[in-house]
Amino acid sequence: MAAARRMAAYRSEPGGHTGAAGAAGVSTDEVAHAAGIGAARAQDAVRAASLPVATDLFAERLLAVLSGQRPVHWMLRHTAGRAYDELAWLAERGALRTRGARPVVRDIGYYEPRPGAVEAFARIGAGDQLRAMAFRLEQGRDRRWRCTAVELGGPRMPHIDDDLP
């Protein structure tokens, strides 16, 4: 019964973010049994509940790198595709470095365009300044979330094939 109460506390629609059933130590079978639903629906519920944890975690990690608190290579195993290059390009330009107040994540939202992919945004505040950061997460076959794109307001990293006619 406790598992059903924990599961009911999680929102699965886009924009909601609280904890995850898996992070609370609740297995899919426990959720299915307690809620009286099938294992497939329980897996969907646990996966949807893990989205807020992933978006919060990645927002904090990306902020740490882009504000100069952590080195870029700290995100190497948490990125895929061009995301690492984009992150390195943004960090090199000191995208979220500030003088004075340390930047913090003020708010996070996300949209799930398909299962296994999340497009998220974070509002980053530092003193009176407010910036936006957008990123995409994709879940690999190993069930780990990886950042596949990151953007901030301002110039974007040029694509290599952009110079071709």
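Cut-offs applied
- Residues numbered from 1 in each chain as written.
- Predicted model: local features only at pLDDT ≥ 70, side-chain atom pairs only at ≥ 80, totals over all residues.
- Heavy atoms only, no water.
- Helix = DSSP H or I, 4+ residues; strand = E, 2+ residues; numbered from the N terminus.
- Buried < 20%, exposed > 50% of the residue type's maximum accessible area, 1.4 Å probe, protein only.
- Contact = heavy atoms within 4.5 Å.
- Areas by Shrake-Rupley, 256 points an atom, 1.4 Å probe, with all protein chains shown as cover.
- 1 Å grid on protein atoms, 1.4 Å probe; cavity = no way out; pocket = protein on both sides within 12 Å on 5 of 7 lines; lining within 4 Å.
- Points joined across faces, edges and corners; volume = space filled by probe spheres on them.
- Phe/Tyr/Trp six-rings, centres within 6.5 Å; stacked < 30°, edge-to-face > 60°.
- Lys NZ or Arg CZ within 6 Å of the ring centre and 35° of its normal.
- pLDDT = per-residue confidence, 0-100.

> Account for the overall build of the protein chain, with residues named and values stated.
The number of helices and strands found in the protein chain is four helices and four strands. In sequence order, the protein chain lays out its α and β elements as α-α-α-α-β-β-β-β. In the protein chain, buried positions account for 39% of the 165 residues. Nonlocal contacts in the protein chain, meaning residues at least 24 apart in sequence, comprise 52% of its contacts between residues at least 6 apart. If you sum the accessible surface of the protein chain, you get close to 9600 Å²; carbon and sulfur atoms cover 51% of it.

> Can you lay out the layout of surface pockets for me, pointing to particular residues and giving the numbers?
Here the second largest pocket is characterised by a volume of approximately 150 Å³. Glu-86, Val-150, Glu-151, Arg-156 and Met-157 are the residues nearest the centre of the second largest pocket, which is lined by eleven residues in total. Listed by contribution, the elements that provide at least two residues to the lining of the second largest pocket are α4 (83-92) and β4 (145-152).

> Please provide a residue-by-residue account of the packing of aromatic side chains, values included.
Applying the stated criterion across every chain yields a total of zero aromatic pairs. Directly above the ring of Phe-58 sits Arg-61, whose terminal nitrogen or CZ lies 5.6 Å from the centroid. The residue whose ring lies beneath Arg-70 is Trp-74, and the NZ or CZ to ring-centre distance is 4.4 Å.

> Could you give an account of the confidence of the model for the protein chain, with specific residues and numbers?
Taken as a whole, the protein chain shows an average pLDDT of 75; of its residues, 65% reach a score of 70 or greater. Below pLDDT 50 for its whole length, residues 1-34 participates in 60 contacts with residues either more than four positions away or in separate chains.

> Describe unusual backbone geometry, with residues and values.
Not every positive phi belongs to a glycine, and Arg-143 is a case in point at roughly 70 degrees. Mapped onto the elements of the fold, Arg-143 is located in the loop between β3 (129-139) and β4.

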